[in-house]
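Listed below are the residues making up each chain.
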Amino acid sequence: MADNLPTEFDVVVIGTGLPESIIAAACARSGQRVLHVDSKNYYGGNWASFSFSGLLSWIKENQQKTDTDECEDWKKLILETEEAISLSKKDKTIQHVEDFCFGDQDSAEDVEEAGALPKLPVFGAPGAEGVAQESEKECPAVESALPEAESGEPDKATGTAPASATEGHDAEITSENESSPSTALGKPTLELGKTEAAPSEISAQEPKKITYSQIVREGRRFNIDLVSKLLYSRGLLIDLLIKSNVSRYAEFKNATRILAFREGKVEQVPCSRADVFNSKQLTMVEKRMLMKFLTFCLDYEQHPDEYQDYENSTFAQFLRTRKLTPSLQYFILHSIAMVSETDCSTLEGLQATKKFLQCLGRYGNTPFLFPLYGQGEIPQCFCRMCAVFGGIYCLRHPVQCLVVDKESGRCKAIVDHFGQRISANYFIVEDSYLSESVCTKVCYRQISRAVLITDQSLLNTDSEQQVSILTVPPVDPGKPAVCVIELCSSTMTCMKDTYLVHLTCPSTKSAREDLEPVVQKLFNLNPEKEAENEELEKPRVLWAVYFNMRDSSGVEKSSYDGLPSNVYVCSGPDSALGNDCAVKQAETIFQEMFPAEEFCPAPPNPEDIIYDEDEIVPEESGFSNSPETKPESATEESSSGDSAAVKKEDNEE
């Protein structure tokens, strides 16, 4: 079927990362004919999530970097009045991939992943993984994940629900005005956090010994993100998910705590009003100091006289003038504003602090949300919206070149790997698809990434099910801070009795050189060696991978050599914690193409559509079976109803 596509579209999108997927959804929603292709066998590109075996295949693929045979047959299809811009066949965005196993290295050669499909010899390991993931997305067992995930029994939910990246998990984000306590996004997840701390789950117990073969066997319980991000509860992405109603396709869990690493110890940071007054770490005087400063930050623009003299100073220098104790200065700088001690100006620090405070309390006691089943769910949610509105999707579908008309200088078509010419008015290309000849003037940055599987939390409390964020400041001035995000099994990203830890920072060297010093501070890498008591208290690393990822954000279109005006480039992930860069980029490109169209409006509700008596109701009517139109009774009932709506939409696609 992929070799017999329609030959004309309005928009062709190459790459299924987050910005490209948002643009594809916005174009399809506004009535454009969209073709969305990706040369990989999975959605998301560098925004994807993998099961453990899928990640091992990805690691192997990026370590080998085998050259593909260049087929030049497509050049015969280019006319004399045209010229071709060839696209890259090889992804060069990932470098320095190193993986290590620190756990009990029992023989895992003959161990098979539980529930995995038989390997298909035609596609090999990566292809088989892709087929397994796609097949699993259609599995009816997904339904069971929804009520259980909100039942307050995270261990049970994790044990019974398939933990692979799926497109069909429904979300309950609604705008605050129209949401009831039982259906708003933050409410069920907040309740989940309260009921998780069962008396029988005291974290003082000895952590269970996890072997490598267990990790392989339970590999489908893992959903490991290539890029580590959180969603600000009042950020652009959450606003877009609510506005477009794409939120129905995902579920979220609020981050439960903000941590700080100070004087060699990990401690919890009080950030909300309740946290501050309940904190045993702060004296009464410090509590008053902190609340006074945070209140000032919320409306600092109204008091310019208090910060104008320090506009040319760093935020750290400004904090020293505010009658704050050293511990409060540390918490504000590294755990609330999360900014650099040496590079951040006073105004930037105040803006970051205000953003943090404004996001508090919308869906939980921290400003952050995390999508269940991993960050890779979000691009798939927008792809689903695009498909519902008529977009056509083709994975494992490489594009050979862009065809440019010499006279007009505009791109008129693409030629795919079947030699088929597909015409369109606009073309969106993800940066990694561009050849080196187009990118000669582009100066890329790099992101250092590490992913660890550990046996216990960085900070043990009564509840094992915590989603934590920690910023580790640099030892040497001028070097970047490291952002650490720790995920528990109730996020559906790792197996029971393990934690998934993501470390991210802008690169100065290879990922291992940048991040291993921080890993050594926080974790125990020598399980066999009888270490001191301090070392035994640290979580044990069972498995780790380090890699560098290209950061193509912030590159001007003019930096790319010879691109036609109707070809737009989307960047890969950036090193920031949130997703604002991707959303801004998607909206800017969409408005340049279609200035008269609204960006991702909400789909109409069936009640608002008037049909003629003879007219058959179109299939899309099932799409609008939104949570707002259902009886808002028990959370579990609402969840199961939503999963049915998602299942119906699956059939429509």
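All figures in this text were calculated on a predicted structure; none of them were measured in a lab. (Residues numbered from 1 in each chain as written. Predicted model: local features only at pLDDT ≥ 70, side-chain atom pairs only at ≥ 80, totals over all residues. Heavy atoms only, no water.)

1. A look at the sheet that holds strand S2 (residues 34-37)
Backbone-to-backbone hydrogen bonds pair the strands of a sheet. The strands run either parallel or antiparallel.
Piece 1. The five strands lie next to each other as S12-S2-S1-S16-S22, forming an open sheet whose pairing is parallel. Here the strands that pair on one side only, and so sit at the sheet edges, are strand S12 (392-394) and strand S22 (567-570). Across the sheet, the mean angle from the axis of one strand to that of its neighbour is 15°, orientation sign disregarded.
Piece 2. The pairing of strand S1 (residues 11-14) with strand S16 (residues 426-430) spans four bridges and is parallel. Note on S16: the bridge partner recorded for Ile14 is Val429.
Piece 3. Of the strands in this sheet, S2 and S12 touch helix H14 (residues 377-388), which is tilted by about 130° from S12. (Pairing = 2+ DSSP bridges. Helix = DSSP H or I, 4+ residues; strand = E, 2+ residues; numbered from the N terminus. Axes fitted to C-alpha atoms, helices over the stretch in contact; angles between N-to-C directions. Contact = heavy atoms within 4.5 Å.)

2. Comments concerning the packing of helix H10 (residues 284-298) against helix H12 (residues 326-336)
Piece 1. One can describe the packing of H10 onto H12 by two numbers: an axis separation of 10 Å at closest approach and a directional angle of 40°. Considered as vectors, H10 and H12 are oriented oblique to each other. Judged by the twist between their axes, the crossing of H10 over H12 is right-handed. Mapping the contact onto sequence places Glu286, Met289, Leu290, Phe293 and Leu294 in H10 and Ser327, Leu328, Ile332 and Ile336 in H12.
Piece 2. Of the residues assigned to the contact of H10 with H12, the class counts are seven nonpolar, one polar and one charged. (Parallel < 35°, antiparallel > 145°, perpendicular 65-115°, else oblique. Left-handed = near helix turned anticlockwise from the far one by under 90°. Nonpolar A, V, L, I, M, F, W, Y, C, P; charged D, E, K, R; others polar.)

3. Focus on H14
Piece 1. The end-to-end C-alpha distance of H14 is 17 Å, a good match for the 16 Å that 12 residues give at a rise of 1.5 Å each.
Piece 2. Where burial is concerned, most of H14 is hidden: 11 out of the 12 residues are buried.
Piece 3. Within the span of H14, buried status applies to Glu377, Ile378, Pro379, Gln380, Cys381, Phe382, Cys383, Arg384, Met385, Cys386 and Val388.
Piece 4. Gly390 lies just past H14 and shows a positive phi near 100°. (Expected span 1.5 Å × (residues − 1). Buried < 20%, exposed > 50% of the residue type's maximum accessible area, 1.4 Å probe, protein only.)

4. Quick word on the packing of aromatic side chains
Piece 1. Going through the model one piece at a time under the given rule, you end up with 18 aromatic pairs.
Piece 2. Here the aromatic rings of Phe52 and Phe222 are separated by 6.0 Å at their centres, their planes lie at 50°, and the arrangement is tilted. Here Phe52, found in helix H2 (residues 52-64), pairs with Phe222, found in the loop between helix H7 (212-217) and strand S6 (224-225); they are 170 residues apart in sequence, far enough to count as distant. An identical accessibility class is assigned to Phe52 and Phe222; each is buried.
Piece 3. Aromatic pair Phe590 and Phe599: ring centres 5.6 Å apart, planes at 50°, arrangement tilted. In this structure, Phe590 and Phe599 share a single accessibility class: buried.
Piece 4. Members of the aromatic cluster, connected to one another through ring pairs, are Tyr42, Phe50, Trp58 and Phe547.
Piece 5. The lysine or arginine in question, Lys355, covers the ring of Tyr232, its NZ or CZ lying 4.1 Å from the ring centre.
Piece 6. We note Lys557 situated over the ring of Tyr568; from NZ or CZ to the ring centre the distance is 4.5 Å. (Phe/Tyr/Trp six-rings, centres within 6.5 Å; stacked < 30°, edge-to-face > 60°. Lys NZ or Arg CZ within 6 Å of the ring centre and 35° of its normal.)

5. Concerning the packing of H10 against helix H13 (residues 346-359)
Piece 1. Axis separation between H10 and H13 bottoms out at 8 Å; the angle between their running directions is 100°. Put simply, H10 runs roughly perpendicular to H13. Note on element contacts: H13 touches H10 through Leu350, Thr353, Lys354, Leu357 and Gln358, opposite Leu294, Phe296, Cys297 and Leu298.
Piece 2. Class assignment of the residues belonging to the contact of H10 with H13 gives a composition of six nonpolar, two polar and one charged.

6. Notes on the pattern of salt bridges
Piece 1. Within this structure, the stated rule accounts for 18 salt bridges.
Piece 2. Note that Lys40 is salt-bridged to Asp91, the shortest N-O span being 3.4 Å. Of the two residues, Lys40 sits in the loop between S2 and strand S3 (49-50) while Asp91 sits in the loop between strand S4 (82-86) and strand S5 (94-101), which places them 51 residues apart along the sequence. Considered together, Lys40 and Asp91 belong to a single accessibility category, that of buried residues.
Piece 3. Between Arg421 and Glu82 there is a salt bridge, and its shortest N-O distance comes to 2.9 Å. (Salt bridge = Lys/Arg side-chain N within 4 Å of Asp/Glu carboxyl O.)

7. Notes on the nonpolar core
For soluble globular proteins, nonpolar side chains are generally found buried alongside one another.
Piece 1. Counting 72 residues, the largest nonpolar core has Phe52, Leu55, Trp58, Phe222, Phe293, Phe315 and Phe368 as its most contacted members.
Piece 2. Here Phe368 is in contact with Leu230, Leu231, Tyr232, Asn254, Ala255, Ile258, Met338, Phe356, Ile469 and Leu577, once residues within four sequence places are set aside.
Piece 3. Within the second largest apolar cluster, 48 residues are counted, among which are Val11, Cys27, Leu237 and Tyr568. (Core = buried A, V, L, I, M, F, W, Y, C linked by side-chain atoms within 4.5 Å.)

8. Looking at the sheet that holds strand S13 (residues 399-405)
Piece 1. Spatially, the four strands line up as an open sheet ordered S4-S13-S14-S15, and their pairing is antiparallel. Two strands bound the open sheet, and with one partner strand each, they are S4 and strand S15 (421-423). Mean inter-strand twist for the sheet, computed between neighbouring axes without regard to direction, equals 30°.
Piece 2. Relative to strand S14 (residues 411-416), S13 is paired through five bridges, and the arrangement is antiparallel.

9. Here we look at the state of the cysteines
Piece 1. One pass over the full model with this rule turns up zero disulfides.
Piece 2. The thiol of Cys483 is unpaired, and the distance to the nearest cysteine sulfur, on Cys505, comes to 10.0 Å.
Piece 3. According to the relative accessible area criterion, Cys483 is buried, its value standing at 19%. (Disulfide = S-S within 2.5 Å.)

10. With respect to helix H15 (residues 511-522)
Piece 1. Taking 1.5 Å of rise per residue, 12 residues should cover 16 Å, and H15 covers 17 Å from first to last C-alpha, within 8% of that figure.
Piece 2. Burial in H15 covers these residues: Ala511, Asp514, Leu515, Glu516, Val518, Val519 and Leu522.

11. Concerning unusual backbone geometry
Piece 1. For Lys323, which is not a glycine, the phi torsion comes out positive at approximately 55°.
Piece 2. Tracing the backbone through its elements, the reader meets Lys323 in the loop between helix H11 (315-320) and H12.

12. Quick word on the side chain of Gln585
Piece 1. Here Gln585 shows up in helix H17 (residues 580-593).
Piece 2. The buried category is assigned to Gln585, whose relative accessible area is 18%.
Piece 3. When near neighbours in sequence (up to four residues on either side) are disregarded, Gln585 contacts Pro19, Val569, Cys570 and Ser571.

13. Overview of the confidence of the model for the chain
As a note on interpretation, predicted positions should not be read in detail where pLDDT is low.
Piece 1. Here the chain averages 79 in pLDDT, and 73% of its residues register 70 or above.
Piece 2. For residues 119-204, every residue scores under 50 in pLDDT, and the model assigns this stretch 193 contacts once sequence neighbours within four places are set aside.
Piece 3. Long-range and interchain partners of residues 617-653, a stretch whose pLDDT sits below 50, account for 68 contacts in this model, where long-range means more than four residues apart. (pLDDT = per-residue confidence, 0-100.)

14. Focus: the pairing of S16
Piece 1. A large share of S16 lies buried, amounting to five of its five residues.
Piece 2. Here S16 shows a buried face lined by Tyr426, Ile428 and Glu430 and a second buried face lined by Phe427 and Val429.
Piece 3. In terms of strand pairing, S16 meets S22 through four bridges, oriented parallel. If you follow Ile428 over to S22, its bridge partner there is Tyr568.

15. Considerations on the environment of Ser39
Piece 1. Position of Ser39 relative to the elements: it lies in the loop between S2 and S3.
Piece 2. The class for Ser39 is partly exposed, based on a relative accessible area of 31%.
Piece 3. Spatially, the C-alpha atom of Ser39 lies 4.4 Å from that of Arg396, the residues being 357 residues apart in sequence.
Piece 4. In contact with Ser39, not counting residues within four places along its chain, are Arg396, His397, Pro398 and Tyr433.

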